[in-house]
Amino acid sequence: MFIGEREKKKILYWFERRLHASPLIELALHKKVPVHKHSVWYYFGGISMLLLVVQFVTGILLMVYYVPELGSAHASILKINSSIEFGWFIRSLHSWGANLMILAVFVHFFSTYFMKAYRKPRELTWLSGVILLVLCLGFGFTGYLLPWDEVSFFATKIGLDISSKTPLIGDMMALMLRGGHNIGQATLSRFFAIHVAVLPVMLMGLLSLHLAIVQAHGMSAPKEFNETPEEKKEYEPFFPDFFMKDILVWILAGNLLFVLTMLCPWGIGPEADPFAPAPIGIKPEWYFLAMFQFLKLIPPMVGPMEGELFGVLLMGVYALALALVPLWDTGESEVRSRLATGLGVVTLLFMIIFSAWGAMS
(Lines give C-alpha, C1' and ligand atoms only; values in the text may rest on other atoms or scores of the structure.)
Protein backbone atom coordinates (compact mmCIF):
# COMPACT_ATOMS: atom_id res chain seq x y z
CA MET A 1 0.00 0.00 0.00
CA PHE A 2 1.50 3.31 -1.13
CA ILE A 3 1.19 6.57 0.82
CA GLY A 4 -0.23 9.41 -1.24
CA GLU A 5 1.12 12.96 -1.32
CA ARG A 6 -1.72 14.19 0.90
CA GLU A 7 -0.89 11.59 3.57
CA LYS A 8 2.82 12.42 3.34
CA LYS A 9 2.11 16.10 3.93
CA LYS A 10 -0.04 15.23 6.93
CA ILE A 11 2.73 13.09 8.42
CA LEU A 12 5.37 15.79 7.82
CA TYR A 13 3.05 18.42 9.24
CA TRP A 14 2.44 16.27 12.33
CA PHE A 15 6.20 15.95 12.99
CA GLU A 16 6.85 19.60 12.18
CA ARG A 17 4.25 20.77 14.68
CA ARG A 18 5.97 18.76 17.42
CA LEU A 19 9.65 18.88 16.53
CA HIS A 20 10.01 22.16 14.60
CA ALA A 21 12.70 20.47 12.53
CA SER A 22 12.34 22.60 9.39
CA PRO A 23 15.30 24.91 10.33
CA LEU A 24 17.55 21.85 10.66
CA ILE A 25 16.32 20.46 7.35
CA GLU A 26 16.90 23.82 5.67
CA LEU A 27 20.40 23.97 7.15
CA ALA A 28 21.26 20.50 5.86
CA LEU A 29 19.90 21.28 2.39
CA HIS A 30 21.65 24.64 2.00
CA LYS A 31 24.91 24.00 3.85
CA LYS A 32 27.95 23.88 1.57
CA VAL A 33 31.38 22.38 2.21
CA PRO A 34 34.55 24.00 0.78
CA VAL A 35 36.42 21.78 -1.68
CA HIS A 36 40.22 22.03 -1.61
CA LYS A 37 43.31 19.84 -1.27
CA HIS A 38 42.92 19.64 2.53
CA SER A 39 39.23 18.63 2.49
CA VAL A 40 40.09 15.11 3.65
CA TRP A 41 40.68 16.42 7.19
CA TYR A 42 37.00 17.38 7.49
CA TYR A 43 36.09 13.72 7.92
CA PHE A 44 37.92 13.22 11.21
CA GLY A 45 35.31 15.13 13.18
CA GLY A 46 32.69 12.64 11.96
CA ILE A 47 34.99 9.69 12.67
CA SER A 48 35.43 10.94 16.24
CA MET A 49 31.63 11.16 16.62
CA LEU A 50 31.12 7.64 15.29
CA LEU A 51 33.70 6.16 17.67
CA LEU A 52 32.15 8.12 20.54
CA VAL A 53 28.80 6.46 19.82
CA VAL A 54 30.57 3.06 19.83
CA GLN A 55 32.03 3.95 23.24
CA PHE A 56 28.64 4.82 24.70
CA VAL A 57 26.92 1.67 23.38
CA THR A 58 29.67 -0.77 24.34
CA GLY A 59 30.21 0.99 27.69
CA ILE A 60 26.56 0.52 28.63
CA LEU A 61 26.76 -3.17 27.70
CA LEU A 62 29.93 -3.65 29.79
CA MET A 63 28.28 -1.99 32.80
CA VAL A 64 25.79 -4.87 32.92
CA TYR A 65 28.52 -7.26 34.12
CA TYR A 66 31.33 -5.06 35.44
CA VAL A 67 31.58 -4.78 39.25
CA PRO A 68 33.56 -1.75 40.54
CA GLU A 69 34.86 -3.44 43.72
CA LEU A 70 38.43 -4.41 44.57
CA GLY A 71 37.61 -8.08 45.02
CA SER A 72 35.40 -8.31 41.94
CA ALA A 73 36.59 -5.82 39.30
CA HIS A 74 39.32 -8.02 37.82
CA ALA A 75 37.19 -11.17 38.09
CA SER A 76 34.27 -9.46 36.36
CA ILE A 77 36.49 -8.52 33.39
CA LEU A 78 37.75 -12.12 33.22
CA LYS A 79 34.12 -13.27 33.22
CA ILE A 80 33.25 -10.83 30.43
CA ASN A 81 36.24 -12.05 28.39
CA SER A 82 35.73 -15.77 28.89
CA SER A 83 32.18 -16.61 30.02
CA ILE A 84 29.77 -14.01 28.63
CA GLU A 85 28.68 -14.65 25.06
CA PHE A 86 30.47 -12.13 22.81
CA GLY A 87 31.77 -10.45 25.96
CA TRP A 88 35.35 -10.49 24.67
CA PHE A 89 34.14 -8.84 21.47
CA ILE A 90 32.29 -6.01 23.22
CA ARG A 91 35.21 -5.32 25.57
CA SER A 92 37.74 -5.33 22.72
CA LEU A 93 35.44 -3.09 20.72
CA HIS A 94 35.30 -0.68 23.65
CA SER A 95 39.05 -0.70 24.27
CA TRP A 96 40.12 -0.41 20.64
CA GLY A 97 37.37 2.14 20.04
CA ALA A 98 38.71 4.30 22.86
CA ASN A 99 42.21 4.30 21.39
CA LEU A 100 41.01 5.02 17.86
CA MET A 101 38.70 7.77 19.11
CA ILE A 102 41.54 9.56 20.91
CA LEU A 103 43.71 9.17 17.79
CA ALA A 104 40.94 10.62 15.60
CA VAL A 105 40.45 13.54 18.03
CA PHE A 106 44.20 14.26 17.94
CA VAL A 107 44.17 14.26 14.12
CA HIS A 108 41.10 16.53 14.16
CA PHE A 109 42.85 18.83 16.65
CA PHE A 110 46.02 19.24 14.59
CA SER A 111 44.20 19.54 11.24
CA THR A 112 42.05 22.41 12.55
CA TYR A 113 45.12 23.97 14.15
CA PHE A 114 47.17 23.99 10.95
CA MET A 115 44.20 25.32 8.95
CA LYS A 116 44.07 28.22 11.44
CA ALA A 117 40.47 27.34 12.26
CA TYR A 118 40.85 29.01 15.65
CA ARG A 119 40.81 32.54 14.23
CA LYS A 120 37.92 34.99 14.38
CA PRO A 121 35.01 34.21 14.58
CA ARG A 122 35.81 30.60 15.61
CA GLU A 123 37.64 31.22 18.89
CA LEU A 124 34.92 29.51 20.95
CA THR A 125 34.86 26.57 18.52
CA TRP A 126 38.57 26.08 19.16
CA LEU A 127 38.38 26.47 22.94
CA SER A 128 35.45 24.07 23.23
CA GLY A 129 37.36 21.59 21.04
CA VAL A 130 40.42 21.82 23.28
CA ILE A 131 38.30 21.05 26.35
CA LEU A 132 36.70 18.12 24.49
CA LEU A 133 40.20 16.75 23.82
CA VAL A 134 40.99 17.02 27.54
CA LEU A 135 37.75 15.20 28.38
CA CYS A 136 38.63 12.40 25.96
CA LEU A 137 42.00 12.01 27.66
CA GLY A 138 40.11 11.97 30.96
CA PHE A 139 38.00 9.08 29.66
CA GLY A 140 41.16 7.21 28.76
CA PHE A 141 42.81 7.84 32.14
CA THR A 142 39.81 6.93 34.29
CA GLY A 143 38.85 3.90 32.21
CA TYR A 144 42.37 2.48 32.26
CA LEU A 145 42.20 1.64 35.97
CA LEU A 146 38.84 -0.15 35.88
CA PRO A 147 40.11 -3.66 34.92
CA TRP A 148 42.28 -3.50 38.08
CA ASP A 149 45.23 -5.40 36.63
CA GLU A 150 48.81 -4.67 37.67
CA VAL A 151 49.74 -2.58 34.61
CA SER A 152 46.70 -0.30 34.91
CA PHE A 153 47.16 0.00 38.68
CA PHE A 154 50.80 1.11 38.58
CA ALA A 155 50.31 3.28 35.48
CA THR A 156 47.49 5.08 37.29
CA LYS A 157 49.68 5.45 40.37
CA ILE A 158 52.39 7.08 38.26
CA GLY A 159 49.84 9.34 36.58
CA LEU A 160 48.41 10.51 39.90
CA ASP A 161 51.90 11.06 41.32
CA ILE A 162 52.78 13.24 38.33
CA SER A 163 49.50 15.16 38.49
CA SER A 164 50.16 15.88 42.17
CA LYS A 165 53.13 18.01 41.05
CA THR A 166 50.77 20.55 39.45
CA PRO A 167 51.25 23.82 41.35
CA LEU A 168 48.53 24.93 43.80
CA ILE A 169 45.91 22.28 42.95
CA GLY A 170 47.99 19.15 42.27
CA ASP A 171 48.08 17.63 45.74
CA MET A 172 44.40 18.35 46.38
CA MET A 173 43.37 16.97 42.97
CA ALA A 174 45.38 13.76 43.41
CA LEU A 175 44.04 13.32 46.96
CA MET A 176 40.45 13.72 45.78
CA LEU A 177 40.90 11.25 42.92
CA ARG A 178 42.58 8.66 45.13
CA GLY A 179 40.11 9.16 47.97
CA GLY A 180 43.06 9.14 50.35
CA HIS A 181 46.81 8.73 50.23
CA ASN A 182 46.77 5.30 48.57
CA ILE A 183 44.97 3.80 45.59
CA GLY A 184 42.19 1.53 46.81
CA GLN A 185 38.44 1.01 46.78
CA ALA A 186 37.71 4.73 47.02
CA THR A 187 39.91 5.34 43.95
CA LEU A 188 38.21 2.64 41.93
CA SER A 189 34.74 3.88 42.90
CA ARG A 190 35.60 7.48 42.04
CA PHE A 191 37.21 6.60 38.72
CA PHE A 192 34.17 4.49 37.81
CA ALA A 193 31.74 7.29 38.71
CA ILE A 194 33.77 9.87 36.80
CA HIS A 195 34.11 7.54 33.79
CA VAL A 196 30.45 6.52 33.44
CA ALA A 197 28.61 9.58 34.82
CA VAL A 198 30.57 12.81 35.26
CA LEU A 199 32.59 12.82 32.04
CA PRO A 200 29.72 11.67 29.76
CA VAL A 201 27.44 14.45 31.04
CA MET A 202 30.18 17.06 30.62
CA LEU A 203 31.11 15.76 27.18
CA MET A 204 27.57 15.65 25.81
CA GLY A 205 26.83 19.17 26.98
CA LEU A 206 30.05 20.61 25.58
CA LEU A 207 29.82 18.58 22.37
CA SER A 208 26.33 19.96 21.73
CA LEU A 209 27.68 23.48 22.15
CA HIS A 210 30.68 22.70 19.92
CA LEU A 211 28.49 21.35 17.12
CA ALA A 212 26.08 24.29 17.40
CA ILE A 213 28.95 26.77 17.02
CA VAL A 214 30.37 24.83 14.06
CA GLN A 215 26.99 24.97 12.32
CA ALA A 216 26.66 28.67 13.07
CA HIS A 217 30.00 29.58 11.48
CA GLY A 218 30.27 26.83 8.87
CA MET A 219 33.35 24.81 8.04
CA SER A 220 36.65 26.65 8.09
CA ALA A 221 39.01 26.64 5.13
CA PRO A 222 42.77 27.15 4.77
CA LYS A 223 44.28 30.51 3.87
CA GLU A 224 44.81 29.56 0.22
CA PHE A 225 41.10 28.85 -0.24
CA ASN A 226 40.02 32.05 1.50
CA GLU A 227 42.30 34.12 -0.72
CA THR A 228 40.92 32.54 -3.90
CA PRO A 229 38.50 34.80 -5.83
CA GLU A 230 34.89 33.95 -5.00
CA GLU A 231 34.03 32.92 -8.56
CA LYS A 232 36.84 30.34 -8.53
CA LYS A 233 36.00 28.78 -5.15
CA GLU A 234 34.49 25.31 -5.31
CA TYR A 235 31.86 23.99 -2.91
CA GLU A 236 29.82 20.81 -2.61
CA PRO A 237 26.41 20.43 -0.94
CA PHE A 238 26.58 18.96 2.56
CA PHE A 239 23.51 16.87 1.79
CA PRO A 240 23.61 14.49 0.05
CA ASP A 241 27.14 14.78 -1.46
CA PHE A 242 29.37 15.29 1.59
CA PHE A 243 27.03 13.34 3.86
CA MET A 244 27.25 10.23 1.66
CA LYS A 245 31.06 10.50 1.62
CA ASP A 246 30.96 10.86 5.40
CA ILE A 247 28.98 7.61 5.68
CA LEU A 248 31.53 5.84 3.45
CA VAL A 249 34.36 7.05 5.70
CA TRP A 250 32.40 5.85 8.76
CA ILE A 251 32.10 2.40 7.17
CA LEU A 252 35.87 2.30 6.54
CA ALA A 253 36.59 3.41 10.12
CA GLY A 254 34.13 0.82 11.43
CA ASN A 255 35.82 -1.89 9.37
CA LEU A 256 39.22 -0.93 10.78
CA LEU A 257 37.79 -1.11 14.30
CA PHE A 258 36.26 -4.55 13.66
CA VAL A 259 39.49 -5.89 12.13
CA LEU A 260 41.53 -4.79 15.16
CA THR A 261 38.89 -6.21 17.50
CA MET A 262 38.81 -9.59 15.75
CA LEU A 263 42.53 -10.02 15.09
CA CYS A 264 43.89 -8.46 18.30
CA PRO A 265 41.39 -9.06 21.14
CA TRP A 266 42.05 -6.90 24.20
CA GLY A 267 43.55 -8.98 26.98
CA ILE A 268 43.96 -8.42 30.71
CA GLY A 269 47.01 -8.85 32.94
CA PRO A 270 47.32 -10.35 36.42
CA GLU A 271 45.19 -8.83 39.16
CA ALA A 272 46.73 -5.77 40.81
CA ASP A 273 48.51 -6.22 44.13
CA PRO A 274 48.95 -2.79 45.78
CA PHE A 275 51.71 -4.19 48.03
CA ALA A 276 53.77 -5.72 45.21
CA PRO A 277 56.63 -3.81 43.52
CA ALA A 278 55.86 -2.16 40.21
CA PRO A 279 56.63 -4.33 37.15
CA ILE A 280 59.80 -3.42 35.27
CA GLY A 281 59.22 -1.09 32.33
CA ILE A 282 55.75 0.07 33.39
CA LYS A 283 54.35 2.66 30.97
CA PRO A 284 51.13 4.63 30.54
CA GLU A 285 48.92 4.38 27.48
CA TRP A 286 50.33 5.75 24.21
CA TYR A 287 48.50 9.08 24.45
CA PHE A 288 50.39 9.92 27.68
CA LEU A 289 53.65 8.30 26.62
CA ALA A 290 55.32 11.43 25.18
CA MET A 291 54.81 13.39 28.41
CA PHE A 292 55.98 10.41 30.48
CA GLN A 293 59.15 10.00 28.40
CA PHE A 294 59.88 13.73 28.58
CA LEU A 295 59.63 13.76 32.37
CA LYS A 296 62.04 10.82 32.56
CA LEU A 297 64.72 12.95 30.91
CA ILE A 298 64.54 15.79 33.43
CA PRO A 299 67.11 15.59 36.25
CA PRO A 300 65.89 15.30 39.87
CA MET A 301 66.58 18.99 40.46
CA VAL A 302 66.57 21.91 38.02
CA GLY A 303 68.21 24.68 40.00
CA PRO A 304 66.21 25.13 43.21
CA MET A 305 63.12 23.43 41.69
CA GLU A 306 62.18 19.75 41.76
CA GLY A 307 62.65 18.19 38.32
CA GLU A 308 59.12 16.78 37.90
CA LEU A 309 57.59 20.07 39.02
CA PHE A 310 59.72 21.92 36.46
CA GLY A 311 58.64 19.49 33.72
CA VAL A 312 54.95 19.76 34.61
CA LEU A 313 55.19 23.56 34.67
CA LEU A 314 56.96 23.64 31.31
CA MET A 315 54.40 21.36 29.66
CA GLY A 316 51.55 23.31 31.29
CA VAL A 317 52.79 26.64 29.92
CA TYR A 318 53.31 25.08 26.49
CA ALA A 319 49.80 23.54 26.47
CA LEU A 320 48.30 26.85 27.61
CA ALA A 321 50.01 28.65 24.72
CA LEU A 322 48.40 26.17 22.29
CA ALA A 323 44.97 26.43 23.92
CA LEU A 324 45.03 30.24 23.88
CA VAL A 325 46.43 30.54 20.34
CA PRO A 326 43.32 32.47 19.13
CA LEU A 327 44.29 35.31 21.47
CA TRP A 328 47.79 35.84 20.05
CA ASP A 329 47.50 34.60 16.45
CA THR A 330 44.58 36.64 15.12
CA GLY A 331 45.79 36.63 11.52
CA GLU A 332 46.95 40.23 11.58
CA SER A 333 50.65 39.42 12.00
CA GLU A 334 52.56 37.15 9.62
CA VAL A 335 55.28 36.66 12.25
CA ARG A 336 52.78 35.37 14.82
CA SER A 337 51.14 33.18 12.20
CA ARG A 338 54.46 31.52 11.41
CA LEU A 339 55.22 31.20 15.12
CA ALA A 340 51.88 29.42 15.66
CA THR A 341 52.57 27.06 12.75
CA GLY A 342 56.06 26.34 14.09
CA LEU A 343 54.67 25.68 17.56
CA GLY A 344 52.21 23.18 16.09
CA VAL A 345 54.92 21.41 14.07
CA VAL A 346 57.18 21.17 17.14
CA THR A 347 54.28 19.79 19.22
CA LEU A 348 53.39 17.18 16.61
CA LEU A 349 57.01 16.07 16.17
CA PHE A 350 57.48 15.98 19.93
CA MET A 351 54.46 13.69 20.36
CA ILE A 352 55.50 11.33 17.56
CA ILE A 353 59.20 11.10 18.45
CA PHE A 354 58.82 10.89 22.22
CA SER A 355 55.93 8.41 21.98
CA ALA A 356 57.98 6.15 19.70
CA TRP A 357 61.00 6.56 21.97
CA GLY A 358 58.95 5.73 25.05
CA ALA A 359 57.40 2.67 23.36
CA MET A 360 60.80 1.27 22.39
CA SER A 361 62.61 2.05 25.65
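Residues numbered from 1 in each chain as written. Predicted model: local features only at pLDDT ≥ 70, side-chain atom pairs only at ≥ 80, totals over all residues. Heavy atoms only, no water.

A.B. asks: I keep staring at the nonpolar core and nothing clicks. Help me out?
C.D. replies: Most often, soluble globular proteins have nonpolar side chains that are buried together. Within the largest apolar cluster, 70 residues are counted, with the highest numbers of intra-cluster contacts made by Y113, W148 and L203. Looking at this core element by element, the count peaks at 13 residues for helix 5 (residues 87-114). Residues within four places of W148 in sequence aside, it is in contact with L70, A73, H74, F153, I183, G184, L188, E271, A272 and P274. (Core = buried A, V, L, I, M, F, W, Y, C linked by side-chain atoms within 4.5 Å. Buried < 20%, exposed > 50% of the residue type's maximum accessible area, 1.4 Å probe, protein only. Helix = DSSP H or I, 4+ residues; strand = E, 2+ residues; numbered from the N terminus. Contact = heavy atoms within 4.5 Å.)

A.B. asks: What is the right way to look at the layout of surface pockets in this model?
C.D. replies: Remark: the empty space left among the atoms is shown by a probe the size of a water molecule rolled over them. Taken as a whole, the second largest pocket spans an internal volume of roughly 1200 Å³. In this structure, the second largest pocket is lined by 47 residues; those nearest its centre are G45, H108, H210, L211 and V214. Secondary structure elements with two or more residues in the lining of the second largest pocket: helix 2 (22-30), helix 3 (43-63), helix 5, helix 6 (123-145), helix 9 (185-217) and helix 11 (238-263). Of the residues that constitute the lining of the second largest pocket, the class distribution is 31 nonpolar, 13 polar and 3 charged. (1 Å grid on protein atoms, 1.4 Å probe; cavity = no way out; pocket = protein on both sides within 12 Å on 5 of 7 lines; lining within 4 Å. Points joined across faces, edges and corners; volume = space filled by probe spheres on them. Nonpolar A, V, L, I, M, F, W, Y, C, P; charged D, E, K, R; others polar.)

A.B. asks: For this particular structure, what's the right way to read a nonpolar patch on the surface?
C.D. replies: Residues F114, V345, L348, L349, I352 and I353 make up a contiguous nonpolar surface patch of about 490 Å² in total accessible area. Its location among the elements puts I352 in helix 15 (residues 334-360). (Patch = residues over 30% accessible without salt bridge, like charges linked within 9 Å, V, L, I, M, F, W, Y side chains within 5 Å. Areas by Shrake-Rupley, 256 points an atom, 1.4 Å probe, with all protein chains shown as cover. Salt bridge = Lys/Arg side-chain N within 4 Å of Asp/Glu carboxyl O.)

A.B. asks: How do you make sense of the packing of helix 4 (residues 73-82) against helix 5 when you look at a structure like this?
C.D. replies: Angle between the axes and distance between the axes are the two parameters that describe a pair of packed helices. Between helix 4 and helix 5, the shortest axis-to-axis distance is 5 Å and the interhelical angle comes to 115°. Taken together, the axis directions place helix 4 and helix 5 in an arrangement best described as roughly perpendicular. For the pair helix 4 and helix 5, the contacting residues are I77, I80 and N81 in the first and G87, W88 and R91 in the second. Residues belonging to the contact of helix 4 with helix 5 are distributed by class as follows: 3 nonpolar, 2 polar and 1 charged. (Axes fitted to C-alpha atoms, helices over the stretch in contact; angles between N-to-C directions. Parallel < 35°, antiparallel > 145°, perpendicular 65-115°, else oblique.)

A.B. asks: Would you mind showing me how to read the pattern of salt bridges here?
C.D. replies: Charged atoms that come close allow side chains of opposite charge to pair. As enumerated under the stated definition, the model contains 10 salt bridges in all. Close ionic contact of D329 with K116 constitutes a salt bridge, the shortest N to O distance being 3.6 Å. Note that D329 is positioned in the loop between helix 14 (325-328) and helix 15 and K116 in the loop between helix 5 and helix 6, a separation of 213 residues in sequence. Residue classification places D329 among the buried positions, given a relative accessible area of 0%. The exposure class assigned to K116 is buried, which follows from its relative accessible area of 15%.

A.B. asks: How should the side chain of T125 be read in this particular structure?
C.D. replies: Looking at where T125 falls in the secondary structure, it is placed in helix 6. Judged by relative accessible area, T125 falls into the buried class, the value being 11%. When residues no more than four places from it in sequence are discounted, the contact partners of T125 are H210, I213, V214 and H217.

A.B. asks: Just to check I follow, could you spell out the environment of M202 for this structure?
C.D. replies: Here M202 shows up in helix 9. Assessed through its relative accessible area of 43%, M202 is described here as partly exposed. With 70 residues separating them in the primary sequence, M202 and L132 have C-alpha atoms 9.0 Å apart.

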